[in-house]
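# Notes for the structure review
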Amino acid sequence: MLIILSLPGLFRPRKIQQGWPGWRMLIRDISLSAVALEVGSLLSALLAAYLFQRQWLRADLAKPSAASLLIQASGTITLYDLYLFGVHRLLHLGPLFTYLHSVHHRSTAPTPVTAFAIHPIEAVINFVFLPAFMVLTPVNFYAVMAAGLYFQVAAIVLHSGHEVFPRWWRRSALGYLFPTVRFHDFHHSQGAGNYGIITTIWDRLFGTTVPIAWR
Ligand SMILES: [Zn+2]
Ligand SMILES: [Zn+2]
């Protein structure tokens, strides 16, 4: 956010929606993010500690080879993406949207600080996947950390409000499989469709894409 504010000339040509959300909206999103990240990470860490203590979670802390890390992290990211897509799709239904997810959609023109401006319950639902995944599979701890980091970086980039991906990327297979910033920005401006954060695979499979988003 600070980079965008300090270099307006560099970022203005890439801005997706014109206008300025206002300091009030920014402060609101920063406050919501602080609460959601605090509650979400604290409760998921407590859950992980409890599961570890009960010996249900046996974290594989061995240093993996680069190839093993890549394969395990890719698998974890793909399944995490499916989980997040399913959760996000459900959060757009009836009371779940009204009482939980509408908090995130107050920003119709997202900024980087909108990424985690979500209801604390939504944060917990998003974060508990990773400790639960370590209970259900013998996945390596570092692969899980890589998947968590990837999700957080992707969420911030997709809420930047600026199309950071070059035209060649958007027109390539990469732009077809991975969401551009415009892809998620449309989710906020339209209020529905384009639910994926890590890939567009599940949106394409379930027919929930907004076609204008990637060209
Ligand atoms: Zn949404
Ligand atoms: Zn969003």
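As a starting point, this report considers the structure included with it. Only a predicted model underlies this, so the values are computations on that prediction, with no experimental measurement involved.

### Regarding a nonpolar patch on the surface
A surface patch of nonpolar side chains, about 430 Å² in accessible area, is lined by Tyr-50, Trp-56, Val-135 and Leu-136. When you line up the elements, Leu-136 lands in helix α7 (residues 129-136). Classification of Leu-136 as exposed rests on a relative accessible area of 72%.

### Section: the coordination of the zinc ion (ligand 1)
Within the protein, the atoms that donate to the zinc ion (ligand 1) are His-88 (NE2), His-92 (NE2), His-101 (NE2), His-105 (NE2) and His-187 (NE2), at distances of 2.1 to 2.2 Å. Of note, the donors binding the zinc ion (ligand 1) are all from one chain and are spaced H-x3-H-x8-H-x3-H-x81-H. In this structure the zinc ion (ligand 2) is found 5.8 Å away from the zinc ion (ligand 1). Here His-101 and His-105 have matching classes, each one buried.

### So, the coordination of the zinc ion (ligand 2)
Taken together, the protein donors to the zinc ion (ligand 2) comprise His-104 (NE2), His-159 (NE2), His-184 (NE2) and His-188 (NE2), at separations of 2.0 to 2.1 Å. One way to put it: the four donor atoms around the zinc ion (ligand 2) meet at angles of 89 to 163°, and that makes the site irregular. Spacing between the donor residues of the zinc ion (ligand 2) along their common chain follows H-x54-H-x24-H-x3-H.

### Notes on the packing of helix α4 (residues 66-91) against helix α6 (residues 120-127)
It is the contact of α4 with α6, at a shortest axis distance of 10 Å, that shows an interaxial angle of 155°. The angle between the axes of α4 and α6 places the two elements in the roughly antiparallel class. Here α4 runs over α6; the crossing is right-handed. Listed contacts from α6 to Tyr-80, Tyr-83, Leu-84, Val-87 and Leu-91 of α4 are Glu-122, Ile-125, Asn-126 and Phe-127. In terms of residue class, the contact of α4 with α6 is made up of seven nonpolar, one polar and one charged.

### Notes on unusual backbone geometry
Of note, Gln-55 is a non-glycine position whose phi angle comes to about 65°, a positive value. Judged by its relative accessible area of 53%, Gln-55 is exposed. One non-glycine residue, Asn-194, lies in the positive phi region at around 55°. With respect to the element layout, Asn-194 can be found in the loop between α11 (181-190) and α12 (201-206). Asn-194 gets classed as buried once you look at its relative accessible area, which sits at 0%.

### Details of the packing of helix α3 (residues 23-53) against α6
Contact geometry of α3 with α6 gives a least axis separation of 8 Å together with a crossing angle of 40°. One finds that α3 runs oblique with respect to α6. Remark: the crossing between α3 and α6 carries right-handed chirality. In contact with Val-35, Ala-36, Leu-37, Val-39, Gly-40, Ser-41, Leu-43 and Ser-44 of α3, α6 contributes Pro-120, Ala-123, Val-124 and Phe-127. The residue makeup of the contact of α3 with α6, split by class, is nine nonpolar, three polar and no charged.

Rules used in this analysis
Residues numbered from 1 in each chain as written. Chains lettered and ligands numbered in written order. Predicted model: local features only at pLDDT ≥ 70, side-chain atom pairs only at ≥ 80, totals over all residues. Heavy atoms only, no water. Patch = residues over 30% accessible without salt bridge, like charges linked within 9 Å, V, L, I, M, F, W, Y side chains within 5 Å. Areas by Shrake-Rupley, 256 points an atom, 1.4 Å probe, with all protein chains shown as cover. Salt bridge = Lys/Arg side-chain N within 4 Å of Asp/Glu carboxyl O. Helix = DSSP H or I, 4+ residues; strand = E, 2+ residues; numbered from the N terminus. Buried < 20%, exposed > 50% of the residue type's maximum accessible area, 1.4 Å probe, protein only. Donors = N, O, S within 2.8 Å, 3.2 Å for Na, K, Ca; no water. Tetrahedral: all angles 85-135°; square planar, octahedral: opposite > 155°, others 65-115°. Axes fitted to C-alpha atoms, helices over the stretch in contact; angles between N-to-C directions. Parallel < 35°, antiparallel > 145°, perpendicular 65-115°, else oblique. Left-handed = near helix turned anticlockwise from the far one by under 90°. Contact = heavy atoms within 4.5 Å. Nonpolar A, V, L, I, M, F, W, Y, C, P; charged D, E, K, R; others polar.

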